[in-house]
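Analysis of the macromolecular model
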4 protein chains.
Amino acid sequence: MSASLGAGSGVTDSVIYTYLGPEGTFTEAALLQVPGAESAERIPSTSVSAALEMVRSGRADAAVVPIENSVEGGVSATLDAISAGEPLRILREILVPITFVLAARPGLALADIGTVSTHSHAWAQCRNWADANIPQAEYLPASSTAAAAVGLQEAEPGYDAAICSPLVAQRLGLSVVAEDIGDITDAVTRFVLLSLPTSLPEPTGADKTTLVVPLPEDHPGALMEILDQFSARGVNLSRIESRPTGLFLGDYFFSIDADGHISDARMADALKGLHRISPNLRFLGSYPRADHREPEVPRHNTDEAFRRADVWLEGLLRG
Amino acid sequence: MSASLGAGSGVTDSVIYTYLGPEGTFTEAALLQVPGAESAERIPSTSVSAALEMVRSGRADAAVVPIENSVEGGVSATLDAISAGEPLRILREILVPITFVLAARPGLALADIGTVSTHSHAWAQCRNWADANIPQAEYLPASSTAAAAVGLQEAEPGYDAAICSPLVAQRLGLSVVAEDIGDITDAVTRFVLLSLPTSLPEPTGADKTTLVVPLPEDHPGALMEILDQFSARGVNLSRIESRPTGLFLGDYFFSIDADGHISDARMADALKGLHRISPNLRFLGSYPRADHREPEVPRHNTDEAFRRADVWLEGLLRG
Amino acid sequence: MSASLGAGSGVTDSVIYTYLGPEGTFTEAALLQVPGAESAERIPSTSVSAALEMVRSGRADAAVVPIENSVEGGVSATLDAISAGEPLRILREILVPITFVLAARPGLALADIGTVSTHSHAWAQCRNWADANIPQAEYLPASSTAAAAVGLQEAEPGYDAAICSPLVAQRLGLSVVAEDIGDITDAVTRFVLLSLPTSLPEPTGADKTTLVVPLPEDHPGALMEILDQFSARGVNLSRIESRPTGLFLGDYFFSIDADGHISDARMADALKGLHRISPNLRFLGSYPRADHREPEVPRHNTDEAFRRADVWLEGLLRG
Amino acid sequence: MSASLGAGSGVTDSVIYTYLGPEGTFTEAALLQVPGAESAERIPSTSVSAALEMVRSGRADAAVVPIENSVEGGVSATLDAISAGEPLRILREILVPITFVLAARPGLALADIGTVSTHSHAWAQCRNWADANIPQAEYLPASSTAAAAVGLQEAEPGYDAAICSPLVAQRLGLSVVAEDIGDITDAVTRFVLLSLPTSLPEPTGADKTTLVVPLPEDHPGALMEILDQFSARGVNLSRIESRPTGLFLGDYFFSIDADGHISDARMADALKGLHRISPNLRFLGSYPRADHREPEVPRHNTDEAFRRADVWLEGLLRG
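Residues numbered from 1 in each chain as written. Chains lettered and ligands numbered in written order. Predicted model: local features only at pLDDT ≥ 70, side-chain atom pairs only at ≥ 80, totals over all residues. Heavy atoms only, no water.

Per an unreviewed UniProt entry, the recorded name for chain A is Prephenate dehydratase, and the organism is Arthrobacter gengyunqii. In its Catalytic activity (unreviewed entry) section, UniProt records this for chain A: "prephenate + H(+) = 3-phenylpyruvate + CO2 + H2O". Listed in UniProt under the heading Pathway (unreviewed entry), the comment for chain A reads: "Amino-acid biosynthesis; L-phenylalanine biosynthesis; phenylpyruvate from prephenate: step 1/1." (UniProt positions renumbered as here; feature names shortened; annotations may be inferred.)

Pasting the structure below:
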């Protein structure tokens, strides 16, 4: 286990990574963007929960899992898994463009394909193409795009084709009958690198903070109060998603990405305001934005404005 | 095609219903709660999209599909399908308690089960039970709980057991090896009855209005502005969910249930305010709450308060 | 009594005006800016209340009184007098630059002045000059600047000098010993022309609406609710002043000037919202801004945005 | 100069007080409520400015001046004088019920009174009584109610009667021809005891904090932002008044009384928020409420909620 993960996610050879497998998924492609990951040990996990469990139990130092998809939205399994259980910390985010190919059993043309298998999210993202090009094909759900691809190599796969990533099709040497079949041409998926709580990544000026905020149950208008904690300090939100707590209909928590680092005064102040309203909120990390975009900070929400206000108040209290 | 659907969802024998099939799912159980549905024609559809397409094309008068689950949250397929395409209208909501059984091939005990199949949502809701009672079992995704159950009757199902509703296990005469295996004991799923736009259900004093509100893209703080349209008129929200538009990361629409009927003055006023901010919002219907709970309306947001304000302003404008 | 007052405040010879006298005050200077006032009958009143009483009783068609002073703030007597009693309507506003002179009894130099009289507001506005130039002088309150000036002509005025407007000093032929003695060089006073309720001035695109809004007494946060009615419709406020109702400490009404005309959709909507919150609010008129400055109207608060929202809602309600 | 003033405003014999004179005004009655003031030196000042100047220059330890009147509203002279110049601090507030008598020259009955003198505020508060009982009387402004009373004792007062406090009429031995002539029967004036900045009065649980907050000039919606700093921390306002800065029409500062003490966490936090928005705000003191009424503090705005949020954030920042 290496201390180097926390400090800017630099890594050493002894670091063990896990990721949502199998090999060849977009998630492995995301992990390969982490400096040093190429030469590190990379263990595929069968589910998001399994990947996070490896980190929580210490069998892996960090895990890469998908958190948000430009087409399908938040990845529920990830949002739910990081909102409960042993606390984890996001160290970095990774963006991966998503493109799909249709791989088929040898010798089959588009018109011959009667059944196609893939993960339901991938199916949703290629639906228009499928309706137009293989309208005769029935859909068979698979647990991942890569699993569908791997299955094609079995003696009797039970289906004729798989929708998967170019990476896995290439690795497996599958016959690709159509490329770039996603309905949205610039689809992108956002992944996060998670570890146990460790020292915070340094602020870069272009950071993101991820939070899980339960909606206080006995409190109409509570969502507005939550949002107000950010807007009152000039903190923009780049993502907000509701997820059911599972306790009863209409009981939600919110998964939120906010622009800024916990060591920014305005973010620290917003977090304290949130804590008073919803004391069970969970801080999931402050880390550099993948797009390096810096926020505009209103003049009265700069660190300096906060510092001056502190000094002023101290002076008054001293009398 | 019967006009009787719109007017309070009373039905006649000639009405044709469709629902997210196959037979025996919780969705059919929901449909059977609609007065007259028992004796009406009920056609299962293979997907939410297919069910809605039957209504949009006129081949069915109305469809029942799940919209919200107390454990898994909003049903993305439904939220997305009703937010786009030909407009539809919600006529009523139906709540169905969700309980699961484990049905197995004849002669198998818990310890013998190596593979279990069901819909991924059902799997998620029985995960703790499965970890504790059939830890050896692998999971095989199915397109529905009922499909997994039906598959068990095949010569070679490819799995040993299915998680499904008590209804379908009973109908098919399956061997039930464990009952009530859901992790949450009072799980409930909310279904909606959808038709083409027709006359509005009458207000009952305990109604719900469902909306799809795109977040205006060039506008930070827009979510607060949207919420403010409700809170400024004393309208409570019972559900709010974000869904990606699919266009780019961070582009969302909101699916919202608000307390009240479009013919309530405060709701009409809130809707007009929303239309100004987000002109592409979609009204999906005002219909009676399944729980008949009436909202508290602040004194200055009653129909009477709105009427008096109108009269006052008219008087001023007349001079 | 002439109908011509209402329609753009054009006037005819038969119109009778009153104003806060005596002759030669800044108020008469304001009245003389009203088209046609020069040739109309102009009756000075001894107080704001008396001037308004003349209008309410029909003895005058319209009154000019000061409402806001850039140095002293809102003119309490006016704010209070128009907030209660028989309703009045503001037809136009008039801005008058305020300059003061020191008039003295014949033969007196600055150093000889032992007592100076003027209205307390004028005294406040010349205080720095007085401290620097006539530090020996005692102050004697007068009911108006003009009254102090007139008094100087008596046999035994009881004081040596008066602070008054250049106009009155000139008319009375007084000896002016210092000019432009106001501490603020660009002081300006805003006057309003008031009549009984009549047809509204036409909107010009650069209008102002004046309101009296009682703070609902049992309602903390009520002021924010009131302000929100404006900000939620993109209506800017150019003036807001609190005045006690006189009933008990801390019981207030607010006198508000907002940018826009009652026939603007956003203003009409804000007024209806205010009426629901504070049903006893009083509309004091919509009239052209003296500075002709047009407000910026956000895209979603234009008349067109309101019209489209109305049409959309009508369509939904028709079914 | 005594240190005993600051510590709970207990006083010693060596303390020198000043107040808005002359002797016998309601202000002296207010001062006499301060413990120890009866036996201390009490110097009347001729104006609010003069009283405050005595404190600022060290010639007096503390001054009592009126700040708010239930009928006439905020006392502009005081609000303006404490908002600028050398900083002062409010040590306590004092409430005095206001009743008026009509004192006349010996031998005069009501019907004989041709001219009546008093301060313009007192005149405003007795106007209805005067209209009903001495309609023939003309009004002559005086610089204070007590000055009008004193003047009656001169050989040729220039008027027949004075409206003044019972206290001064009794001290001077004037002939009182009507008692309790105020139009509002339970009128009350609020006075404040001001000193140079010193140690803060201890929090009592029922305190008030007085502030002067300039409206940031280039910022529409700024008033809402200011109010939001209080409401977001559950701090109620008991008084808010706008005053012109005197620089140009529409440029205001706000004089605010808020419930709570600067050493309450929610108030300290609100003050820091205000400082960021309007860095030139002025803190005028935290002191016990005269009515001892304690505020209701929402659960998430208690000192404990603030303390816990601080501890939580510290923990996160330590990593």
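We are not done yet, so read on.
Let us look at the interface of chain A and chain D. Counting from both sides, the interface comprises 33 residues of chain A and, opposite them, 33 residues of chain D. Together, the buried faces of chain A and chain D total about 2800 Å²; carbon and sulfur atoms form 65% of this surface. Of all residues in chain A, Arg 276, His 300 and Trp 312 of chain A give up the largest surface area on contact with chain D, accounting jointly for 26% of the area buried on that side. Counting every contact that joins chain A to chain D gives 2 salt bridges. A salt bridge links Lys 272 of chain D to Asp 310 of chain A, with the shortest nitrogen-to-oxygen separation between them at 3.0 Å. (Contact = heavy atoms within 4.5 Å. Buried area = accessible area lost by both parts, 1.4 Å probe. Salt bridge = Lys/Arg side-chain N within 4 Å of Asp/Glu carboxyl O.)

Let's shift gears to the relation of the copies chain A and chain D. Mapping chain A onto chain D is achieved by rotating through 180 degrees and translating by 0.0 Å along the same axis, at an RMSD of 0.1 Å. Expressed as a symmetry operation, the mapping of one chain copy onto the other fits a two-fold axis. In terms of proximity to the rotation axis, the leading residue of chain A is Ala 232 of chain A, whose C-alpha is 4.5 Å off the axis. Both copies contact each other with a shared surface, as 100% of the interface residues of chain A are interface residues in chain D too. (Least-squares fit on C-alpha atoms with pLDDT ≥ 70 in both.)

Okay, the sheet that holds strand S13 (residues 237–244) of chain A next. Consider a sheet: its strands pair through backbone hydrogen bonds, and that pairing is either parallel or antiparallel. All names here are of chain A. Spatially, S13-S14-S12-S15 is the arrangement adopted by the 4 strands of the open sheet, whose pairing is antiparallel. Looking at the sheet topology across the chains shown, the edges are occupied by S13 and strand S15 (282–288). Neighbour to neighbour, the strand axes of the sheet diverge by 15 degrees on average, direction disregarded. Here strand S12 (residues 207–214) runs beside strand S14 (residues 252–259); their pairing, made up of 7 bridges, is antiparallel. Opposite Thr 210, over in S14, you have Asp 257 as the bridge partner. Against the sheet, helix H3 (residues 76–83) engages S12, S13, S14 and S15, with an angle of about 85 degrees to S13. (Pairing = 2+ DSSP bridges. Helix = DSSP H or I, 4+ residues; strand = E, 2+ residues; numbered from the N terminus. Axes fitted to C-alpha atoms, helices over the stretch in contact; angles between N-to-C directions.)

The subject of this paragraph is the confidence of the model for chain A. All names here are of chain A. In the predicted model, chain A carries a mean pLDDT of 87, and the fraction of residues at 70 or more is 92%. In this model, residues 6–11 is a region of pLDDT below 50 whose contacts with residues beyond four sequence positions or in other chains number 20 contacts. Here the prediction assigns the complex a pTM of 0.81, and the interface score ipTM is 0.81. (pLDDT = per-residue confidence, 0-100.)

Another point: unusual backbone geometry. Peptide bonds are trans in most cases, and residues, glycine excluded, mostly fall at negative phi. Put simply, Gly 21 of chain B and Pro 22 of chain B share a cis peptide bond, and its omega is 0 degrees. Here the phi dihedral of Asp 180 of chain C falls at roughly 50 degrees; this positive angle occurs in a residue that is not glycine. Secondary-structure assignment places Asp 180 of chain C in the loop between strand S10 (175–179) and strand S11 (188–195). Positive phi, normally seen in glycine, also occurs at His 292 of chain D, with a value near 55 degrees. Mapped onto the secondary structure, His 292 of chain D falls in the loop between strand S15 (282–288) and helix H10 (303–318). Here His 292 of chain D falls in the exposed class, since its relative accessible area comes to 62%. (Buried < 20%, exposed > 50% of the residue type's maximum accessible area, 1.4 Å probe, protein only.)

Another point: the environment of Val 64 of chain B. Residue and element names in this part refer to chain B. Here Val 64 lies in strand S3 (residues 62–69). For Val 64, a relative accessible area of 0% puts it in the buried group. As for Val 64 and Arg 92, which are separated by 28 residues in sequence, their C-alpha atoms are 9.6 Å apart. Val 64 has contacts with Thr 18, Tyr 19, Leu 20, Thr 27, Ala 30, Leu 31, Ile 94, Phe 191, Val 192 and Leu 193, leaving out every residue within four places of it along the chain.

As for its position among the elements, Thr 145 of chain C is in helix H6 (residues 145–151). The residues contacting Thr 145 of chain C, other than those within four sequence positions of it, are Thr 25, Phe 100, Thr 118, His 119, Ala 122, Ile 163 and Cys 164 of chain C.

In this view chain A stays clear of chain C, with the nearest C-alpha atoms of the two still 14 Å from each other. If you take every C-alpha in chain B and every C-alpha in chain D, the smallest gap between them is 14 Å, and the two do not touch.

This part covers the sheet that holds strand S12 (residues 207–214) of chain D. Residue and element names in this part refer to chain D. Spatially, the 4 strands line up as an open sheet ordered S13-S14-S12-S15, and their pairing is antiparallel. The open sheet has two edge strands with one neighbour each: strand S13 (237–244) and S15. Strand-to-strand, the axes of this sheet are offset by a mean angle of 15 degrees, without reference to chain direction.

This part covers the pairing of S13 of chain D. Residue and element names in this part refer to chain D. Where burial is concerned, most of S13 is hidden: 6 out of the 8 residues are buried. Two strands pair when backbone bridges link them, and S13 and strand S14 (residues 252–259) are joined in this way by 7 bridges, in the antiparallel orientation. Within S14, the residue paired with Arg 243 across the bridge is Phe 253.

All chains considered together, the criterion is met by 8 aromatic pairs over all chains. Geometrically, the ring pair formed by Phe 26 of chain C and Phe 100 of chain C is edge-to-face, given 5.7 Å between the ring centres and 80 degrees between the ring planes. With Phe 26 of chain C in helix H1 (residues 26–31) and Phe 100 of chain C in the loop between strand S5 (89–97) and strand S6 (101–104), this pair connects stretches of sequence that are 74 residues apart. Under the relative-accessibility criterion, Phe 26 of chain C is labelled buried at 13%. An angle of 5 degrees between the planes, with centres 4.7 Å apart, marks the rings of Trp 123 of chain D and Tyr 139 of chain D as stacked. (Phe/Tyr/Trp six-rings, centres within 6.5 Å; stacked < 30°, edge-to-face > 60°.)

Evaluation of the coordinates by the stated rule reveals 72 salt bridges over all chains. Linking Arg 105 of chain D and Asp 160 of chain D is a salt bridge whose minimum nitrogen-to-oxygen distance equals 3.0 Å. Of this pair, Arg 105 of chain D sits in the loop between strand S6 (101–104) and strand S7 (115–118) while Asp 160 of chain D sits in the loop between helix H6 (145–151) and strand S9 (161–164), and the two are 55 residues apart along the sequence. Via salt bridges that share partners, Glu 68, Glu 93, Arg 190, Lys 208, Arg 239, Glu 241 and Asp 257 of chain A belong to a single interconnected network.

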